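Commentary on secondary and tertiary structure
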Amino acid sequence: MTAATLVHVVVSGLATGSIYALMALSLVIIYNATRTLNFAQGEMLMVSTFIGWAAHRAFELPLAVTLVVAVAAAGVMGWLVERAIIRRAIGATHWDVLIITLGLSLMLRAGAGLAWTHDDFPFPSFFDSRPIALGPVRLAPVSIGIIGASLALMAALYALFRWTRLGRAMRAVAQNQRAARLMGISVERVYSSSWVLAAMVGAVAGVLVAPVVFLSSKMGLVVINGFTAAVIGGFGSMPGAVLGGMLLGVIENLAPLYLPSGIRYSVPFLVLIAILLVRPAGLLGRVEQRKV
Amino acid sequence: MRARGLAVAALVTALAAWPWVAPRYFVFLASVILVNVIVALGLNLLSGYTNQLSFGHAGFFAIGAYTAAVLTLRAPATPVVVTLALAGALTAAVGLAFGVPCLRLGGLYLTMATLAFGFVITEAILNLDALTNGADGLRVPAARLGAVALSTDAGRYYLTAAVAAVMVTAAVNLVRTRTGRAFLAIRESEIAAQASGVPVAAYKTLAFGLSAFYTGVAGGLFAFVVGFLSPDAFDVFLSVDFVVMIIVGGLGSVPGSIIGATVVTLLHDGLAAFQNYRPLIFGAILVACMLFMPGGVTQALGRAARR
Amino acid sequence: MRLAVSLLAVALVAVAAIPVAAQQGVTETEIVLGCSNSFSGPLAYTGEQATKFGVDLYFKVVNDAGGIHGRKVRTVYYDDGYKPQEAVANTRKLVEQDRIFAVIAPQGTPPVMATLGYLEENRVPLLFPFQGSPAIRGKKYVFSGMTLYDRQSRMMIDYLVTQRKLRTFGVLYQDDDYGKSFLGAFEKDLARHNLKLAAAESVKRGVTDVSAQIAKLRAAAPQAVFLVLTPGPGAQALKERQKIGWTDTVMVSSGPLTDEKYLALAGDASEGVEGLSLWPDPLTSDLPGMKAYRDAMQKYFGKNEPNRYSLSGYFAAMLFTEGARRAGKNLTRESLVAALEGIKGFETGILPPVTIGPDHETQRQGFWVRVEKGRFKALTDWLTSD
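Below you will find a few notes about this structure. (Residues numbered from 1 in each chain as written. Chains lettered and ligands numbered in written order. Predicted model: local features only at pLDDT ≥ 70, side-chain atom pairs only at ≥ 80, totals over all residues. Heavy atoms only, no water.)

Side note on the overall build of chain A
The helix and strand tally for chain A stands at 12 helices and 2 strands. Starting at the N terminus, the α and β elements of chain A follow one another as α-α-α-α-β-β-α-α-α-α-α-α-α-α. By the compact-globule yardstick of 19 Å for 292 residues, chain A fits well, its C-alpha radius of gyration being 19 Å. For chain A, the spread of C-alpha atoms along the principal axes amounts to about 60 × 50 × 35 Å. By residue count, 58% of the 292 residues in chain A fall in the buried class. Total accessible area on chain A stands at roughly 12,100 Å², and carbon and sulfur atoms take up 66% of it. Here chain A carries 21 positive and 10 negative side-chain charges, and the mean point of each set is 13 Å from the other. (Helix = DSSP H or I, 4+ residues; strand = E, 2+ residues; numbered from the N terminus. Rg over C-alpha atoms; globule rule 2.2 N^0.38 Å. Buried < 20%, exposed > 50% of the residue type's maximum accessible area, 1.4 Å probe, protein only. Areas by Shrake-Rupley, 256 points an atom, 1.4 Å probe, with all protein chains shown as cover. Lys, Arg positive; Asp, Glu negative; His and termini not counted. Charge placed at Lys NZ, Arg CZ, Asp CG, Glu CD.)

What follows is the structure in C-alpha cells.
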C-alpha cells in the first residue's frame, strides 16, 4: 500500500468523519440542553436536504441558495417538532421521548418516500470533481471541501457557545437547569433554540454529503454513525463528538484497506467496545458522579 | 382470588383451543406473538428492571435461532426441549460474557455497546458460513418431540405456548424472589441498593445472563416457527423493535411485556397491507401512544383503573 | 353469554358464506395474484416500481381489454421491508387469507428463499421473482424472473476471455447473497478457462465510501473489474475510480446493475464503462414491445419514468398472461405450470422469443453494452449462456 494511497483513503475517511462529527454534534447539542436522544436527527437531515433539492429543481436556484433553503427548512422543522411534540410530552420519561423520536424518524422516512420516492438522486456539489494533485498524492476536492466546511461550521459553533448570550444560556441549562431558570434564563427558549440549531447543523451536513452518497431516503441512517461517534468521543462533550466522528470515519476506511472481508465491518464497533472498556465514558467524556 | 383463578383458567382454555377455532394463518401469527412475548420478558429483565437499555437483543435472538437450527440439522435426534435449553444456555453464556465488561458502563454508553455487540454477532453469523450458510440462509427442519415431528402450525404453536407459559410463570415468580427484589432495588436506585449491601455488579451481570437466556430460547422457537434463517433477519431494526415493545407495553412489568409484544406484532402484521404508508402509520401510532400514554400501556391502564 | 352466542352465529354464517372456489384465486370474473415485496427498507424503490408500476401496469392494459378469458386480474401486495420473516408471514397471509392463485414478482434472495419451502409444500406457483440466485432452478412450481446469476457470469466471462482476450479480473461485490453468488460463479467460470481472480473486495450494503476497496483492486492491476452492487455504491465506485485516475481497467457492471439509474448517479464517471445488459434501453429502444410499454406507462402513470425495474415487472405480467391464456378457461395451478412450460418462441417485442422448457428458466440472455455520452450502446447482439 503506497503512502499516496494511504493519504487518499485517510482524507476520504476524514471527510466521512466530518459528516459523522456534525451529526454527533447535533445529537449532543440537543442532549445537553434537553436530555433527549433525538433518533429522528438523521431523518430531519434527509428531509431538509430533500426540501432544498426540490426548491433547487423547481426554481433553478444556485447551490448556495439551496443550502440556505435547506437550513431554513431544517430550522422550522426543528422548532415545530420541539414545540408541537416534544414539549407536549410532559410527564414522560426519557424512554418515552426516545420512542417518540423513533416514531418521528419512521414517519419522516416514509413521508420522504411518498413525496419523492425511495430512489437515489444525484445532488450538485460545491466542489469540483477533478482531483487535485499534490505530488504523487491525489486528493478529491469534495473531500477537502467537506472537511473544510465542517471545520468552519464547528468553529462557528464554538464561537456561538463561547461568546454569545444564547450560547452561554445553553451551556448554563446543560450544567444545571434549575439554577439556570433561577438566573432568569428562559429554559423553554433554550430548548427550542437547541432543536433549531441542531437541525440546521444537520442540514449543512446533508447538503455537504448528498453529492457523495446521493440524495435518498436512506441518508437518515447516518444517525447511527452519529451516535456511535458521539459515544466514542464521550457523549455530551462537543470536542468529543468531533474527535469521535473523525476517528470513526478514518477507522471505517482503514479497516477494508488492511483487513479481510470477514472482519472489516465489525472493526468500528469492536473499536467502540474496546474504547468503552478502557474509558467507560468515551475518550473525552467524564463519568457522571451522582451525589446522593 | 376466585376471579383471578377463573381468569387464568379462561385464558389457558382460550390458548389451548386457539388452533381449533382459528385459521392456520392466525395460529402462525399467535406463535409469532408468543415468541416476541418471551423476548420482551427477557429484555424487560435487563432494561426494565436493572435499567440497562439494550439495542443489541437481535444478536442474542440470532444466536438462539442459529444454535437451535444447527443443532436440529446436525443432531436431528435431539428432543426439542433439549435443543431450546441448549440454545438458551449458549446465548446466556454469551450474555454473561458480554455483561461482565459492560458493568462499568452506564446509560447511553452501555446502550451503544449493546448495539455494537448486536452488529458484531450478525457479522459473525454472516461470515461463519460453513456453520450457518451465511448469506444464502438456512432452512430449518421441523422440531422433533420424541418420534413426532412438529411440522404443523398447531404443533409449533403448542410448543411455543407451552414454553411461553413456563417463561411467563418464571418471570412472575422472579419478582417474589430475592433476585427479583434485588433487581427492583437496583432499578429504584443503584447507589442505595449498593449501600444496602446488594451486590449490584453480580445482579446486573445475572440480569444480562437471564435476559440472554430468555431471548435465546425465543430465538430457537423463532427458527422453528418461521422455518428459515438469514442474517438479514437480525439487524438493528429488529433490536429497536424489541425495545419498542417493552416501552410501549410498560417497562419493568410482566403484563407490560405481554401487552407490548402483542400490540407491536399485531400492528406490524395489520399494517403490512399499507405498503409504503406502513412506517408512516406505525410511527404516528408510536408518537401518539407515548404522548397519550406516557410510561406505556400498563401504566395508562393503571391510571385509568385508579380513577 | 348471549353476546358470545351471537358472535358465534355471525362467525358461522360468515364462514358458510365464503364461496368455495374450484381453484383458489380463480373465479368466473377474476384471477388474484400477489406478492410480499419491499415497500420500505433498502430496496423500496425497486419493489414499488416492479409491482405497482410494472406488474400492475401490464394488467391494467389486459383488464381494460377484457381480461384473460373474461377474467380480470387483481393484485394484492404486502410490505416486508426486505425481512425474510415478514416475507414468510405476508406470503402465508396471501395464500391462506387472500387466497391468491399464484405469487408473482417478489424481490430479493433472502425473502424469496424464506418462502420457497412453504410455497412448494402448498403447491403455489412462485412466478418470476426479481432475483437471480440459481437456488430456485429446477423447482416444479417456480419460474425464474431474471437471467440467473450463474448464466450471467458465464456470458460475461466467456465474452471477455474469448472475444476480448482479457486475462486478469477483479470483483467489487456487495456483501450479501447477490454479491457472493456472483463471486462464486465468476470463480467457477474463470476456472473453466484456467484463470483465477486477481482480487475480490466486498462492500457492505449501505456503506458510502469505497476508496479502500478501489485502492486495493487497483493494486492488483486487473484488466477488468466486475461491479456486483446496487446503483448507489456502483456509481460511487465509478466516481472513486475517476478520483484516483485509474484509467487502465474496464469497469463491467453485472446484469442487475446495468441500468440508467447508475449512469445518472455516476455522471461523467460512467463514460466508457461496460456491462451486461438484460434489457433494451427503456427510454429509446424502438422495439414494438418497448414502445407499447412506454405508451402504457405514459397513459396510466404519466409522471413515472420508464425504467428497468418496472419493465421487469411488466414483462413478468406479460409472461403470466400468455401462460394463463394458453391454459384456457380451466385455469388451475397445474394447467398454468404446464402452459408456461409449453411456451416456445413467444414474441414479446422486448426480449428475444421466449422459450421455457422443463428447467423453468424464462430468460437466458443478455447483451454487451458500453456507455457512450451517458447512454448504453450495444456492442454485441444477444449473447447466450448454454
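Structural notes on the interface of chain A and chain B
Facing 42 residues of chain A, the contacting portion of chain B comprises 38 residues. Carbon and sulfur atoms make up 82% of the surface buried where chain A meets chain B, a total of about 3,500 Å² over both sides. Considering only the surface of chain A that becomes buried against chain B, A:Trp95, A:Ile99 and A:Leu114 emerge as the three largest contributors, covering 18% of it. Where chain A touches chain B, the interface holds 0 salt bridges. For the pair chain A and chain B, the interface holds 5 residue pairs in polar contact (both at pLDDT 80 or more). (Contact = heavy atoms within 4.5 Å. Buried area = accessible area lost by both parts, 1.4 Å probe. Salt bridge = Lys/Arg side-chain N within 4 Å of Asp/Glu carboxyl O. Polar contact = N/O pair within 3.5 Å; in protein donor to acceptor, adjacent residues only side chain to side chain.)

Brief notes about the sheet that holds strand E3 (residues 102–104) of chain C
The pairing of strands in a sheet happens through backbone hydrogen bonds and is either parallel or antiparallel. Residue and element names in this part refer to chain C. Across the sheet, which stays open at both edges, the 5 strands sit in the order E2-E1-E3-E4-E5 with parallel pairing between neighbours. Every other strand in the sheet has two partners, leaving strand E2 (72–79) and strand E5 (142–143) as the edge strands with one partner each. In terms of strand pairing, strand E4 (residues 126–127) meets E5 through 2 bridges, oriented parallel. Across the sheet, residue Leu126 finds its bridge partner in E5, namely Val142. Where helix H3 (residues 84–96) meets the sheet, its contacts fall on strand E1 (30–37), E2 and E3, and the angle it forms with E1 comes to roughly 170 degrees. (Pairing = 2+ DSSP bridges. Axes fitted to C-alpha atoms, helices over the stretch in contact; angles between N-to-C directions.)

Remarks on the side chain of A:Arg264
Its location among the elements puts A:Arg264 in helix H11 (residues 261–264). Polar contacts involving the side chain of A:Arg264 include one to the main-chain carbonyl oxygen of A:Leu259, which spans 3.3 Å. In terms of polar contacts, A:Arg264 uses its side chain to reach the side chain of C:Glu201, at 2.6 Å. Setting aside its immediate chain neighbours within four residues, A:Arg264 contacts A:Ala255, A:Pro256, A:Leu259, C:Glu201, C:Ser202, C:Gln213 and C:Lys216.

Regarding the interface of chain C and chain B
Taken together, the contact between chain C and chain B spans 34 residues of the former and 30 residues of the latter. Of the roughly 2,700 Å² buried where chain C meets chain B, counting both sides, 49% is carbon and sulfur surface. Per-residue buried area on chain C facing chain B is highest for C:Lys83, C:Gln85 and C:Arg92; these three make up 20% of the total on that side. Linking chain C to chain B there are 9 salt bridges. In this structure, the salt-bridge partner of B:Glu123 is C:Lys204, at a minimum N-O distance of 2.5 Å. Summed over the shared surface of chain C and chain B, the number is 14 residue pairs in polar contact (both at pLDDT 80 or more). Put simply, the parts of the chain that give the side of chain C that touches chain B at least two residues each are helix H2 (44–64), E2, H3, helix H4 (109–121) and helix H6 (177–192) of chain C.

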